[in-house]
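Structural features, examined
Listed here are the chains, written in short residue letters.
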Amino acid sequence: MTEPPAKKKCLGADCENDASALQCPTCLKIGIKDSNFCSQDCFKKNWNEHKALHKVAQGQTAKTTGFYNPFPSFSFTGPLRPVYPLSPMRTVPKSIRRPDYAETGFSKSEQLVNRNKFDILDAKGQEAMRKVCRLGREVLDIIAAEVRPGITTDYLDEICHKASIERDCYPSPLNYNNFPKSFCTSVNEVICHGIPDQRVLLDGDIINLDVSLYHGGYHADLNETYYVGDKAKADPDSVRVVEAARECLDEAAKLIKPGTLIREFGNIIEKHAKSKNCSVIRTYCGHGVNSLFHCPPNVPHYAKSKAVGECKPGMTFTIEPMIALGKYRDITWPDRWTSTTIDGKRTAQFEHTYLVTETGVEVLTARTENSPGGPIPMPVAENGSA
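Described below are features of the structure shown in this document. Being a predicted model, the structure only gives us computed values, none of them experimental.

Moving on, we come to the packing of helix H9 (residues 236-253) against helix H10 (residues 264-275). Remark: H9 packs on H10, axes separated minimally by 9 Å, with the N-to-C direction vectors making an angle of 145°. Considering only the axes of H9 and H10, their crossing is right-handed. Residue-level inspection shows Ala244, Glu247, Cys248, Glu251 and Ala252 of H9 in contact with H10, the latter providing Phe265, Ile268, Ile269, His272 and Ala273.

One pass over the full model with this rule turns up 0 disulfides. Its sulfur unpaired, cysteine 160 is 9.4 Å from the next cysteine sulfur, which belongs to cysteine 184. A relative accessible area of 0% places cysteine 160 in the buried class.

Backbone hydrogen bonds are what pair the strands of a sheet, in a parallel or an antiparallel way. The antiparallel open sheet is built from 3 strands, whose spatial order is S6-S10-S13. Each edge of the sheet is formed by a strand with only one pairing partner; in this case those strands are strand S6 (279-280) and strand S13 (347-349). Alignment of S6 against strand S10 (residues 322-324), held across 2 bridges, turns out to be antiparallel. When the bridges of S10 are listed, valine 280 appears paired with isoleucine 323.

This next bit is on the sheet that holds strand S3 (residues 190-192). Strand order in the open sheet formed by 3 strands is S3-S12-S11, with antiparallel pairing between adjacent strands. One side of each edge strand has no neighbouring strand; the edge strands of this open sheet are S3 and strand S11 (330-332). This sheet shows a mean twist of 40° between the axes of neighbouring strands, independent of strand direction. Looking at chain direction, S3 and strand S12 (residues 339-341) are connected through 2 bridges and run antiparallel. In the sheet register, valine 190 faces S12, and the bridge partner there is threonine 340.

A complete count under the given rule lists 11 aromatic pairs for this structure. By the ring-pair criterion, three or more aromatic residues cluster together here, those being Phe37, Phe43 and Trp47. Sitting over the ring of tyrosine 328, arginine 282 keeps its end group 4.8 Å from the ring centre.

Analysis parameters
Residues numbered from 1 in each chain as written. Predicted model: local features only at pLDDT ≥ 70, side-chain atom pairs only at ≥ 80, totals over all residues. Heavy atoms only, no water. Axes fitted to C-alpha atoms, helices over the stretch in contact; angles between N-to-C directions. Helix = DSSP H or I, 4+ residues; strand = E, 2+ residues; numbered from the N terminus. Left-handed = near helix turned anticlockwise from the far one by under 90°. Contact = heavy atoms within 4.5 Å. Disulfide = S-S within 2.5 Å. Buried < 20%, exposed > 50% of the residue type's maximum accessible area, 1.4 Å probe, protein only. Pairing = 2+ DSSP bridges. Phe/Tyr/Trp six-rings, centres within 6.5 Å; stacked < 30°, edge-to-face > 60°. Lys NZ or Arg CZ within 6 Å of the ring centre and 35° of its normal.

Keep in mind that these numbers describe shape and distance, not what the molecule does.
The structure is reproduced here in structure tokens:
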């Protein structure tokens with residue numbers, strides 16, 4: 001799971017300003033969070049469209065199914081829509097160790113971190129990371145085995161939550177900066193941070209499953225993109241972007257060893273993405289991960305970045321390139337989390353947690369021989385061309 005952007009944006013239509021502390025009073029009254037605007041004037045200007053959200057949130061426009069789109073006036077960039085209501089936030093037994101944000105939604109330890117200091121783990125910390133990352137791989141594989149047309153992403157969230165609890169793990173995304181679910185499900189044009197809801201997966205979809213666990217005082221973070229049904233595997237564009245993202249991560253990982261500059265990863269990722277006629281999302285990056293969910297270093301996935309630092313033995317961090325068929329720019333839904341491509345074209349992502357060793361790298365979240373998914377060849381058209 002990538003770190004969310006630090007600043008919230010104003011909810012006003014076509015407003016690029018950062019949000020202020022001003023929130024819609026009606027939203028606060030009925031329990032809608034983060035309805036921030038940049039100014040009173042912007043709030044008044046957008047009132048006619050914004051007030052429609054109140055009726056939808058209160059179920060006044062829901063159809064007989066009970067499902068609804070909570071943002072009817074939002075200009076979505078692609079065909080995907082949120083399907084509410086969300087299921088209640090899932091609970092974690094008190095016996096399971098929790099990160100510092102589990103109750104409040106905000107991590108004090110991350111806010112106090114020195115952004116120029118990279119943690120070097122001792123042998124005990126490295127072994128703790130190995131354990132939680134093995135558990136993370138187990139949970140991701142369990143969820144991935146359930147991916148098929150006809151199920152909802154909320155069902156997958158339930159699977160994730162149960163599998164995490166069974167392994168004495170806290171699902172790291174749960175209530176992290178108030179994220180409402182136990183992991184992220186990003187479908188088709190969603191780049192990252194998709195919130196599991198009542199939408200049914202369709203034959204032809206692609207879906208990224210982003211699992212993060214907290215166990216023994218340390219976090220694991222990994223994700224993969226999967227094909228939903230045979231139709232997705234037969235779609236050349238879907239296969240191109242998924243396999244390009246997979247290969248971008250593989251190519252970047254080859255560089256990991258002591259002395260490699262952090263900025264070098266983006267150079268090789270963008271070069272490979274361009275060779276597949278794809279672009280690299282720039283807003284979100286890889287990150288350090290250990291006793292903190294997100295910490296230095298930041299690992300940009302695009303070329304010619306100004307990222308600082310180099311790999312040193314004992315460092316643990318993620319690389320998680322987000323690759324798109326179209327433009328690299330992104331837009332965020334009013335839920336403050338779901339990030340989609342600005343042109344509505346499909347995107348894919350893969351992520352591992354890595355440990356830098358004295359001689360190279362250890363892939364802490366590596367696939368096993370029984371892991372679902374994996375690379376597939378480009379589909380061949382009837383005339384013989386891919």
